[in-house]
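Commentary on secondary and tertiary structure
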Amino acid sequence: MEIERKFLTNPEQLPFSPQDYPCRQIEQGYLCTAPVVRIRRDNDSYFLTYKSKGLMIREEYNLPLTREAYDHLKLKADGRIITKKRYVIPIEDNLNIELDIFEGDLAPLVLAEIEFPDEQTAVNYKAPQWLGEDVTHSSKYHNSTLSQI
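Below or above, wherever it landed, is the structure these notes cover. (Residues numbered from 1 in each chain as written. Predicted model: local features only at pLDDT ≥ 70, side-chain atom pairs only at ≥ 80, totals over all residues. Heavy atoms only, no water.)

Let us now look at the environment of V135. As for its placement among the helices and strands, V135 is situated in the loop between strand 10 (133-134) and helix 3 (143-146). Assessed through its relative accessible area of 3%, V135 is described here as buried. The sequence separation of V135 and M56 amounts to 79 residues, and the corresponding C-alpha distance is 9.8 Å. (Helix = DSSP H or I, 4+ residues; strand = E, 2+ residues; numbered from the N terminus. Buried < 20%, exposed > 50% of the residue type's maximum accessible area, 1.4 Å probe, protein only.)

Structure (C-alpha cells):
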C-alpha cells in the first residue's frame, strides 16, 4: 500500500539545495494508465509496477525486470517517456521528501512527494509553505497522466 501526498513545488522557494542530497536518475513509461502499469529505470535498476486507482492511497506492486526486458517494454510504452531527477531529502518524524525535477518537455515541473506509514499520519501532516500547493487529490499530477499530455 502506498500512502502519499504530493505538492507542486517552486524550486526557488526551497530552504535547501537539492544537490546536497542523494539523487537518482529515473526514466519511466506507461504500458497502461487504467489500471496503471508502468516500467521504470531507476539508475541501474529496472521495474514493472502496477498501481491501483486512488489519489492519496493506492495499492502498488513492483516486480524486478532485466535491462533487456525493460528495453523491450519501453518500445511498447503509450505516450511520452518521462525523465526526471529524484532527490531524497529527510525531514521530521523519519519521513522523506522525494523531490522530482522533471526533464525534457515536462521541465520546469517540480513535484514533491511524501510517503506516510498510515492514513492518519498523512491526513494530519502540516506541510511547510515552501512545499507549495497540495495536489494530492488531483490526478492531473500523476505521472501516468503527465505521460499522456
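We are not done yet, so read on.
As paired elements, strand 2 (residues 23-33) and strand 7 (residues 82-90) share six bridges and run antiparallel to each other. Counterpart to I26 in the pairing with strand 7 is K84. In this antiparallel pair of consecutive strands, strand 2 and strand 3 (residues 36-42), the connection spans two residues. (Pairing = 2+ DSSP bridges.)

Among the nonpolar cores identified, the biggest contains 19 residues, and I97, L99, I114, F116, Y125 and L131 are the most heavily contacted of them. Where this core is concerned, the elements lending two or more residues are strand 1 (2-8), strand 7, strand 8 (96-102) and strand 9 (110-115). For this core, the element with the most residues is strand 9, which contributes three residues. Residues in contact with I114, not counting those within four places in the same chain, are I3, E4, R5, F7, I91, L95, N96, I97, Y125 and L131. (Core = buried A, V, L, I, M, F, W, Y, C linked by side-chain atoms within 4.5 Å. Contact = heavy atoms within 4.5 Å.)

Here we come to the pairing of strand 7. Taken together, the seven bridges between strand 7 and strand 8 define a ladder with antiparallel strand orientation. Bridging from a neighbouring strand, I89 pairs with I97 of strand 8. The antiparallel hairpin formed by strand 7 and strand 8 contains five residues in its connecting segment, where D93 sits at a positive phi of about 60 degrees.

Next up on the list: the pattern of salt bridges. Pairs can form between side chains of opposite charge whenever their charged atoms are close. As enumerated under the stated definition, the model contains 14 salt bridges in all. Across the pair E27 and K74 runs a salt bridge, and its minimum N-O distance is 3.2 Å. Taken together, the residues span a long stretch of sequence, with E27 in strand 2 and K74 in helix 1 (residues 67-74) at a distance of 47 residues. Residues R86 and E98 are paired through a salt bridge, measuring 3.4 Å at the closest nitrogen-oxygen approach. Here the residue R86 occupies a position in strand 7, and E98 occupies one in strand 8, the gap between them amounting to 12 residues. Residue E98 is classed as buried on the basis of its relative accessible area of 17%. The network of salt bridges with shared partners includes K6, K84, R86, E98, D100 and E113. (Salt bridge = Lys/Arg side-chain N within 4 Å of Asp/Glu carboxyl O.)

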